[in-house]
Amino acid sequence: MLNNNFLLQLIRNDVSGSRKKKEPGRIGTIGFSKIYINHIYPIAVAVSLAFSFLGIGFILIAGHLSKIDTVENIQTATEQIKFAIEEYVGKEFETLMTAAILVKKNGVPAEDNTDKLTDRLIMASFANYNAFVRVGISDNAGKAIWIDKGGIKHREMSDEPFIISALSGKQVITETKKNAVNGMDVNFFAVPIIESGKNNVYGVFFAANPEDELRRITEHSMYVGKGICHIVDANGNFIVKSNSPLVLAQGNNIFNLKIPLDEVTEHSIRSDFQAGRRNYLEITFSGEKRMIAYLPLNINNWFVFYAAPENLVSTGANNITKGAIIIICSAVLIFIFLISLIHRINNTSRKALETVAFTDPLTGKHNYQKFLLDAKEVLSKSRGVHYAVCYSDIKGFKYINDFFGRDVGDRLLQYWSDFQYEITQSGEVCGHVYGDIFVSLRKYHSKQEIETRFESTARRLMVYPETFSQGYKAELFGGAYLISESEGNLELSDMLDRAITAQKEVKNAGGTKRLGIYTEEMRKQKLWETEVESRMESALENGEFKIYLQPKFDIQHDNSIIGAEALVRWESPEKGLIPPCRFIHLFEQNGFIIKLDRFIFETICKWYRVDVLDNDVPRYILSVNVSRLGLMQPDFIRTYMTIKDLNAIPDGCIELEFTESLVFGNHKLFQSIVSDCRQNGFLCSMDDFGSGYSSLNLLKSIHMDVLKLDGLFFKPCEDTERGQKLVKNIIAMANSLDMKTVAEGIETVDQVTQLREIGCNAVQGYVFSKPMPIGDFCQFFRQWNRNARPRER
């Protein structure tokens, strides 16, 4: 756009130049007037046309820039609300897990023991110091006790989906339900009660929060009172519906509009919901443009759905349009004046909008969006300066709110925010994300400097007067990602993700260290896990998981083969042979181990039917491992029995191996499952006995067929004789209980000789054979049976 002063000067110069040429006489003056008039019209027309075109161009450009800003602001607001919801749900789960830890020390109260003071105090405490309207405990059979405004109640809740999910080891938040006591809309949270270090779910701690707690977070947006924000599921059903009068939908579904969407738009939204995609779009409703953004939550299949009328977030563009119309219809000088006025108004509006959009309402300092903008600008100019992206939160901040009150918690955050700005040096930025989470961009010269600076600030938080005077030390945990000049196009959000990864690692590790620094090993492990998770489903479909068998030898009867253990290997076309230690633990974390367990069992049964039973090969026992997650599935027994029956496997041919830790997870449940397995023709083996949780007393009530001694028993140690005496007595005890004993991990002939002498039935290990593919095992079995078997190699 042409500079206004330049245009005025251009007009003045043209007029003054004309006067100098035509001023000598009266006629000259008239001539000058005519020439001036002749010139002024084209100039005026030219200026008007120029301003018209400039005005139109300005409108288009301003509209485009305004649209970009609007889209970015709405998407940013949606991301902030998503982050807030996930943090809120995570904190609630932390609270319930704390309660579960307290409950597990006392046991789940029975119906005939409702006066048990400790448990009532636990539930009452959580009900009184939280927003919970109902707090309860369920045992693993679904019998529940809870406390609410109606007092203490008992009820059978075994058919409640959230109880069932929590009993399977999951943390659960439900859709909105009606509270039977007061008709209030609530969301149930439930967590498993797990015995420490033993991975056994023997109950559920649950609580109900008013729906308004979630709604309070959704209504906290950068256009408070103007935009609308819902939480919906993948089918468009409301989980939390905004109370704003601008709500478009009616009823219980986002697609139930007074004026239906066009088919293309509705199909696009539904497709995004089903695929878990984020998106942004515009719709016209009752003649008004609405701007919509939605993205998936990492909670169930829920989405944040955010919308606002376009005219509420693009006022500056509307003013510019009106001003342009005035410009086109007005004189040149007035037009210039209006352009100047609109420019000032636009700047004022932008500053006001930025103040609302980038200021955290609690601390009064910069919020997460402002941090991202400032950090990107700093990094774009950071030539030769080393920066670290830092992420931190306060351990147990939820408890500070609960025990000291929300006002104390807010003042603590304000105090901490003020201190963050006090220590912020030139060229550094920081921001408050949500709750107790802060992010910052700090300069450093060495890794030691970052650690020292963090520890110093953490000590400052620890002595916050209002909590420290009561004997409570607020602990700060943080993660840092040291930015390298070779990062390339790594986004700031990715850097923050890495800082969060480092923080979680040090936070979960315990100990005195409070700052984790992201390392190359963390990156490689994360990349490996991501790659494995992206390929595990297709690998199973493509047959990349192969069954290996390791024989078991009867050392009391000529070292004959009496069975084999089924093991899994991943033969990847790209990575080659991947050992189970690289993927089994990850599969146990993400739940894929259930599919893998069942695939191995079904494959083994089919092979045993065809290659052993149908070919009159002497029968032997095949052992199959069962994971903790697989065992906890409600259809475990039914599924395994169905596969066994479909392949007509005789009783006593399949042995299910359970790890020793499962016994301690839930003794009664495990006892029941073992009993069911044996009644349905399976042999049962306790695997890894002695790996860390051994209790000989438990064997008297759990009738196992086989006891497998862990290889740790046979590793060289300082007191070998003492270890041999222990093994000898365990074998004698197992024999007295009619249990066969198998020693695994045996590598030397001397070990075989010693085990034979003390009465061990069988061994498994490299002394005889390593694990081998099924085809190789068949050949090995035939050759071994044909030859005399005195060999111990």
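Along each chain, residues carry numbers from 1 onward, in the same order as the chain's sequence is written. Totals for whole chains, interfaces and linings use every residue, but because this is a predicted model, local features are given only for residues with pLDDT of at least 70 and side-chain atom pairs only at 80 or more, for both listing and counting. Values reported for side chains reflect all heavy atoms of the structure, with hydrogen atoms and water molecules removed beforehand.

## Brief notes about the environment of I437
Inference 1: Every helix listed is a DSSP run of H or I at least four residues long, and every strand listed is a run of E at least two residues long, numbered separately from the N terminus. With respect to the element layout, I437 can be found in strand 15 (residues 437–443).
Inference 2: The class for I437 is buried, based on a relative accessible area of 0%.
Inference 3: In sequence terms I437 and Y368 are 69 residues apart; their C-alpha atoms lie 9.9 Å from each other.
Inference 4: The contact rule is simple, with two residues in contact once any of their heavy atoms fall within 4.5 Å. Residues contacting I437, with those up to four places away along its chain left out, are F83, E87, Y391, S392, D393 and H432. Burial here depends on accessible area, computed with a 1.4 Å probe over protein chains only, as a share of the maximum for the residue type. Under 20% is buried, over 50% is exposed, and the range in between is partly exposed.

## Re helix 24 (residues 749–757)
Inference 1: Regarding helix 24, the residues found buried are Q751, V752 and L755. For helix 24, the angular spread of the buried residues around the axis is 100°, confining them to a single face. In helix 24, those exposed residues whose orientation departs by more than 90 degrees from the buried face are D750 and E757.
Inference 2: Just downstream of helix 24 lies G759, where phi reads positive at about 95°. Note that the arc is defined by the directions from the helix axis to the C-beta atoms.

## What to know about the packing of aromatic side chains
Inference 1: Aromatic contacts are taken between Phe, Tyr and Trp rings whose centres are within 6.5 Å, Trp giving its six-membered ring; a plane angle under 30 degrees counts as stacked, one over 60 as edge-to-face, and the others as tilted. Tallied over the entire structure, the rule returns 33 aromatic pairs.
Inference 2: Ring plane angle 75° and centroid distance 5.7 Å describe the contact between F93 and F189, whose orientation is recorded as edge-to-face. Separated by 96 residues along the polypeptide, F93 in helix 2 (residues 26–106) and F189 in strand 6 (residues 185–194) bring together distant segments of the chain. One exposure class covers both F93 and F189, and it is buried.

## Thoughts on the pattern of salt bridges
Inference 1: Each salt bridge in this description consists of a side-chain nitrogen of Lys or Arg and a carboxyl oxygen of Asp or Glu lying within 4 Å of one another. Under the definition given, this model contains 35 salt bridges.
Inference 2: Notably, a salt bridge pairs E92 with K398, separated by 2.9 Å at the nearest N-O pair. Here E92 is found in helix 2, whereas its partner K398 is found in helix 11 (residues 397–404), with 306 residues between them in sequence.
Inference 3: Residue E92 is classed as buried on the basis of its relative accessible area of 3%.
Inference 4: On the accessibility criterion, K398 (16% relative accessible area) is buried.
Inference 5: Among the charged side chains, a salt-bridge network with shared partners connects K552, E565, E655, E657, K708 and E744.

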